[in-house]
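# Fold and geometry: a report
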Amino acid sequence: MEKKKQYTIAVLPGDGIGPEIVAEAVKVIELVARKTGVTIDVEYGRIGGIAIDTDGTPLPEQTLEITKRADAVLLGAVGGPKWDQNPGHLRPEAGLLGIRKALGLFANLRPATMHESLVDASSLKPEAVAGVDLIVVRELTGGIYFGEKKRYTAADGGEVAEDLLIYHEAEIERILRVSFELARKRSKRLVSVDKANVLESSRLWRKVAERVGADYPDVELSHMLVDSCAMQLVRAPKQFDVIVTENMFGDILSDQAAMLTGSIGMLASASLAEGSFGLYEPVHGSAPDIAGKGIANPLATILSVGMMLRLSLGLDEAADAVEKAVWSVLDAGHRTGDIAADKSQALGTVEMGKLVLAELEKWETA
Ligand code: IPM
Ligand code: MG
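## Looking at the site of ligand 1
Taken together, Glu 93, Arg 100, Arg 110, Arg 138, Tyr 145 and Asp 251 form the complete shell of residues around ligand 1. Arg 110 is positioned such that a nitrogen or oxygen atom in its side chain is 2.8 Å from an oxygen atom of ligand 1. Contact with the protein chains covers 73% of the free accessible surface of ligand 1, which is 320 Å². Taken atom by atom, the bulk of ligand 1 overlaps the second largest pocket.

Structure, rendered in structure tokens:
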């Protein structure tokens, strides 16, 4: 990747705990900039409920402009009970779906890694989950999420709804290529998940996966039906390394994979476009129940910054340093409420952020 000396990050804190966790992550970006001598400018924009309230739309034009001139986007979370009764196009989620489509963010990477010191946080047996290190690659701009939707009254007077699940082979091919490339850098095993015993779109998916696979003879491709995958994920998760699947299956399986680790407050994600542009966000949502209390776990957002430094900015050493700082803080026994065994000892958002910054401060740049 071409190394630049100046980057712009569009920061969209969003709703709920979004602003609190993003504030800590931005401090990490600023520290990385100071330590590396790279200029990283931050531009703020609105998305989700806050944008509905302020601009009358979950994805204002101005926000899209900011993101389009940035090298990467950092997003907090969107949504909350306040907007739950709104019509579809005025829901915070519409902002998220809109930005994915508008920025061409077709490849969603959701790693689920079990960190040793957090094994007890999982609801599964330690021996089943210790060492889990997998990544779900979810197609993010196609399928049933974006196919035509209809509501009408049938001849018998009953109400009918339709959501079209549609894929062009080019959409399947590009997400498969991302996954094969990723598998190549990891264990060289790729599981493609579909429902080819029932769905035509899945049969096309499988055919394209096979065709693309011929270009990656060093990667072992296997296929799994989505129901079976759901079962295997809780039965024997360690068999998986890279999983690739279509949009809605990926939505479901990535939540399931996340919960294997028991600490959804720890999981980062990347949504990538063609090239190095990407949007980075924690996997957990806006957690309206704890918003504004200063107790949310900022680590997933900080780890999302790590992914951003690596995948969009090409600052691999900085990415390593950020991840290392997070793990050191955890290894030293520090916990926010979501992952603490003893809740009375739990740290707040800012305190946790400070500990990570202090660790990162120790990083000696080359
Ligand atoms: C996710 C979320 C979104 C999705 C919602 C909020 C629209 O569940 O990012 O997984 O379904 O894609
Ligand atoms: Mg989801």
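## Overview of the domain arrangement of the protein
What the domain assignment reports for the protein is domain 1 (1-106 + 273-366) and domain 2 (111-262). One C-alpha centre belongs to domain 1, the other to domain 2, and the line joining them spans 24 Å. With 14 residues of domain 1 in contact, the opposing surface of domain 2 contributes 14 residues. Here domain 1 packs against domain 2, burying approximately 1300 Å² in sum over the two surfaces, 67% of which is carbon and sulfur. The interface formed by domain 1 and domain 2 holds one salt bridge in total. Notably, a salt bridge pairs Glu 274 with Arg 174, separated by 4.0 Å at the nearest N-O pair. One can count four residue pairs in polar contact (both at pLDDT 80 or more) joining domain 1 with domain 2. Broken down by secondary-structure element, the contributors of at least two residues to the side of domain 1 that touches domain 2 are helix 4 (92-102) and helix 11 (316-331). Tallied by class, residues from the side of domain 1 that touches domain 2 come to eight nonpolar, one polar and five charged.

## So, the environment of Asp 331
Tracing the backbone shows Asp 331 in helix 11. Setting aside residues no more than four positions away along its own chain, Asp 331 makes contact with His 115 and Ser 117. Within polar-contact distance, the side chain of Asp 331 engages the side chain of His 115 at 3.1 Å.

## As for the layout of surface pockets
If you roll a probe as big as a water molecule over the atoms, it shows you where there is empty space left. The computed volume of the largest pocket comes to approximately 900 Å³. Along the wall of the largest pocket there are 29 residues; nearest its centre are Ile 135, Leu 182, Met 307, Arg 310 and Leu 311. Looking at the lining of the largest pocket, the elements that each hand over two or more residues are strand 4 (107-113), strand 5 (133-139), helix 6 (169-185), strand 11 (268-272), helix 10 (299-311) and helix 11. Tallied by class, the residues present in the lining of the largest pocket amount to 18 nonpolar, three polar and eight charged. When residues of the lining of the largest pocket are sorted by domain, at least three fall in each of domain 1 (1-106 + 273-366) and domain 2 (111-262). Space inside the second largest pocket adds up to approximately 730 Å³. Along its surface, the second largest pocket is lined by 28 residues, and Glu 93, Leu 96, Leu 97, Arg 100 and Tyr 145 are the ones closest to its centre. Every element with two or more residues in the lining of the second largest pocket is listed here: strand 3 (72-77), helix 4, helix 9 (247-260) and strand 12 (278-282). Class assignment of the residues belonging to the lining of the second largest pocket gives a composition of eleven nonpolar, eight polar and nine charged. Residue assignment places the lining of the second largest pocket across two domains, with domain 1 (1-106 + 273-366) and domain 2 (111-262) each supplying three or more.

Cut-offs and rules
Residues numbered from 1 in each chain as written. Chains lettered and ligands numbered in written order. Predicted model: local features only at pLDDT ≥ 70, side-chain atom pairs only at ≥ 80, totals over all residues. Heavy atoms only, no water. Near = heavy atom within 4 Å. Polar contact = N/O pair within 3.5 Å; in protein donor to acceptor, adjacent residues only side chain to side chain. Areas by Shrake-Rupley, 256 points an atom, 1.4 Å probe, with all protein chains shown as cover. 1 Å grid on protein atoms, 1.4 Å probe; cavity = no way out; pocket = protein on both sides within 12 Å on 5 of 7 lines; lining within 4 Å. Sits in = over half its atoms within 2 Å of the grid points. Domains from an automatic or database assignment. Contact = heavy atoms within 4.5 Å. Buried area = accessible area lost by both parts, 1.4 Å probe. Salt bridge = Lys/Arg side-chain N within 4 Å of Asp/Glu carboxyl O. Helix = DSSP H or I, 4+ residues; strand = E, 2+ residues; numbered from the N terminus. Nonpolar A, V, L, I, M, F, W, Y, C, P; charged D, E, K, R; others polar. Points joined across faces, edges and corners; volume = space filled by probe spheres on them.

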